[in-house]
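# Working through the structure, step by step
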Amino acid sequence: MLAIDNGPPGVVVISGRLDAAQSPAAQSFLDKVDGTVTLDCSRLEYISSAGLGVLLKTQKRLLAGGGKLRLSGVSKHLRDIFGYSGFDQLFEIEPAE
Amino acid sequence: MTSARTFPRSFDSLPAIFDFTADLFARERIDPQLLPVIDLAIEELFTNMVKYGKGSKADVQIEMTGIEGGVEVTLIDHDVEPFDVTKSPDVDIGLPIEERTPGGLGLHLIRKLLDSIEYDYSRESRRSRITFRKTSAERPGAATAGTRGSNARD
């Protein structure tokens, strides 16, 4: 399952699994954010290409408006996925501690 | 030992598929670090079958076998046209963001993450069969998976 909600100001917290079945819910939440947003991924266990599509669409929209999407708390597995996808060149990524 | 199950061709099958993989990993004591990669590969291949095999009403069969250091997975899709996943083009990950699209990213990713992936198509039975392997062995540089495809095997 996936949970996505507002955290502290400027932060959105996402947890669980961002797969093809859950991506529409994540997209619909992220379509409503503006400015520069940090997506706290420290409890995101899994992402597939459908989830990457959600992040890409959101980043394009925020950059067009002068903001951006930052990714924080990113695990090694997610960093591998972002690296192989070239997303490490499209997003500011802060690794998990 | 091989475990096999069939799943309706719908994105709604994903939770049951992930339960299936988690059960096998626990039962066969497979390295849990491999689980997200296996789930990712199955999801990308299964959702491709759902998206591009709309003419078929057959369920998709998934077989999984614990092998030394990892797992071998086969997806079998009936009553479909051929689509050789080993021959899809690589994604240009160096493009600027304005030119990036999510298309093709799933197959690109799994070729990077898996040890091997093979495709076989039987024209006689209109059946696609994809088999991949993933083991725990470190893979320096993450060379692209060995691939072998066939579009016309009767």
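Overview of the structure. This one's a predicted model, so the numbers in the text were calculated from it and none came from an experiment. (Residues numbered from 1 in each chain as written. Chains lettered and ligands numbered in written order. Predicted model: local features only at pLDDT ≥ 70, side-chain atom pairs only at ≥ 80, totals over all residues.)

### Observations concerning the interface of chain B and chain A
For clarity, the cut-off: The contact criterion used is a C-beta to C-beta distance within 7 Å, with each C-beta placed from the backbone. Under the scheme used here, helices are H or I runs from DSSP no shorter than 4 residues and strands are E runs no shorter than 2 residues, and both carry numbers assigned from the N terminus. Only Asp, Glu, Lys and Arg are considered charged in this grouping, and only Ala, Val, Leu, Ile, Met, Phe, Trp, Tyr, Cys and Pro are considered nonpolar; every other residue, Gly among them, is considered polar.
Counting residues at the interface gives 18 residues for chain B, matched by 18 residues for chain A. For the side of chain B that touches chain A, the secondary-structure elements that each account for two or more residues are helix 2 (35-52) and helix 3 (105-113) of chain B. A total of six residues in the side of chain B that touches chain A trace back to one element, the largest contributor, which is helix 2 of chain B. Of the residues contributing to the side of chain B that touches chain A, the split by class is nine nonpolar, three polar and six charged.

### Details of the sheet that holds strand 3 (residues 70-78) of chain B
All names here are of chain B. In plain terms, the rule: Strands are treated as partners if at least two bridges between them are detected by DSSP. Every axis corresponds to a line fitted to the C-alpha atoms, with the helix fit spanning only the stretch in contact, and the corresponding angles, defined between N-to-C directions, vary from 0 to 180 degrees.
Spatial strand order, 1-2-3-5-4-6: six strands in an open sheet with mixed pairing. One side of each edge strand has no neighbouring strand; the edge strands of this open sheet are strand 1 (2-7) and strand 6 (146-148). Along the sheet, successive strands turn relative to each other by an average axial angle of 15°, direction set aside. The pairing of strand 4 (residues 116-122) with strand 5 (residues 127-135) spans seven bridges and is antiparallel. Its bridge partner lying in strand 5, Y121 is registered against S128. Packed on one face of the sheet, helix 2 meets strand 2 (60-67), strand 3 and strand 5 and runs near 10° to strand 3.

### Description of the pairing of strand 2 of chain B
Across six bridges, strand 1 of chain B lies against strand 2 of chain B in antiparallel orientation. Considered in strand 2 of chain B, the bridge of F7(B) is made with V60(B).

### Quick word on unusual backbone geometry
All names here are of chain B. Counted only if it meets this: Counting other C-beta atoms within 10 Å of a residue's own tells you its class, since 20 or more makes it buried, 12 or fewer makes it exposed, and anything in between is partly exposed; those C-beta atoms are placed from the backbone.
Its identity as a non-glycine residue notwithstanding, R29 has a phi of 55°, on the positive side. Along the chain, R29 falls in the loop between helix 1 (14-28) and helix 2. Looking at R29, the number of C-beta atoms within 10 Å reads 8, which means it is exposed.

### Quick word on the nonpolar core
For clarity, the threshold we go by: Put simply, a nonpolar core is a cluster of buried Ala, Val, Leu, Ile, Met, Phe, Trp, Tyr and Cys residues tied together by C-beta atoms within 7 Å.
Among the nonpolar cores identified, the biggest contains 55 residues, and I14(A), A41(B), L45(B), V73(B) and I110(B) are the most heavily contacted of them. If we ignore the near neighbours within four places in the chain, the residues touching I110(B) are L40(B), A41(B), E44(B) and I117(B). Among the nonpolar cores identified, the runner-up in size contains five residues, and A20(A), A21(A), L14(B) and F18(B) belong to it.

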